[in-house]
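# Topology and contacts: notes
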Amino acid sequence: SFTYAKFGANGLERVDISDVQAETSTEWDIAFRRYYVRLNSGVSGPSCVAAARLPDGTTFDSVTTVDSALVFEKERYFTDSCVKVDDGSGLGGPAFVLSSFWTYPGCVKMTGNVFVVQLADGRHLKLEVTRYYSQANQDTCQATNTISTPSGAGSLLVRWAYLP
């Protein structure tokens, strides 16, 4: 199942709910499972958490404000006729709003994409997923598009900060 969390006053806080409970809960903002990261909105849940991917080459540290021209997207990895929208990775996963944080050239390689997330209460934050494997194995994946085992897979590291 997914691990659910909320961006709260004390940081990113785990929300102890099941996948079934999450379908009707507004108590979570973001959910993690292996290389999948989804937001509580659209087909994913009843809240209004949305995100916008920033242009290629944007660094996490360079993002200090919310650009008024950003277009925020809610989760829509299923069409109205219940057909899954594929993430294009070759692994057959759904296309979550944040899916472009990785590619799969033989391992889960980080793209460096940075996102601005708009929470249901109107606050904004910047977010970047920086690794999927243990740090040494992520470095190998980034450099060679290969991974050795054990890989430390599923060790997502997410960097984020609130924006004014």
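Look a little higher up for the structure.
Now for a look at the structure at hand.

### Some points on the overall build of the chain
Each helix and strand in the chain was counted, giving 2 helices and 10 strands. Secondary structure of the chain in N-to-C order comes out as β-β-α-β-β-β-β-β-β-β-α-β. The C-alpha radius of gyration computed for the chain amounts to 16 Å, which stays within 12% of the reference 15 Å derived for 164 residues, consistent with globular compactness. Expressed along its principal axes, the backbone C-alpha trace of the chain runs to roughly 40 × 35 × 30 Å. For the chain, buried positions account for 40% of its 164 residues. Approximately 8300 Å² of the chain is accessible, and the part contributed by carbon and sulfur atoms is 50%. If the 14 positive side-chain charges of the chain are averaged to one point and the 17 negative ones to another, these points end up 3 Å apart.

### Notes on the packing of aromatic side chains
Applying the stated criterion to the full structure yields 12 aromatic pairs. Look at Y77 and F78: their rings are 5.5 Å apart centre to centre, the planes differ by 55 degrees, and that puts the pair in the tilted class. The exposure class of F78 is partly exposed, given its relative accessible area of 36%. Taken together, a centroid distance of 4.8 Å and an interplanar angle of 80 degrees make the contact between Y132 and Y133 edge-to-face.

Definitions and limits used
- Residues numbered from 1 in each chain as written.
- Predicted model: local features only at pLDDT ≥ 70, side-chain atom pairs only at ≥ 80, totals over all residues.
- Heavy atoms only, no water.
- Helix = DSSP H or I, 4+ residues; strand = E, 2+ residues; numbered from the N terminus.
- Rg over C-alpha atoms; globule rule 2.2 N^0.38 Å.
- Buried < 20%, exposed > 50% of the residue type's maximum accessible area, 1.4 Å probe, protein only.
- Areas by Shrake-Rupley, 256 points an atom, 1.4 Å probe, with all protein chains shown as cover.
- Lys, Arg positive; Asp, Glu negative; His and termini not counted.
- Charge placed at Lys NZ, Arg CZ, Asp CG, Glu CD.
- Phe/Tyr/Trp six-rings, centres within 6.5 Å; stacked < 30°, edge-to-face > 60°.

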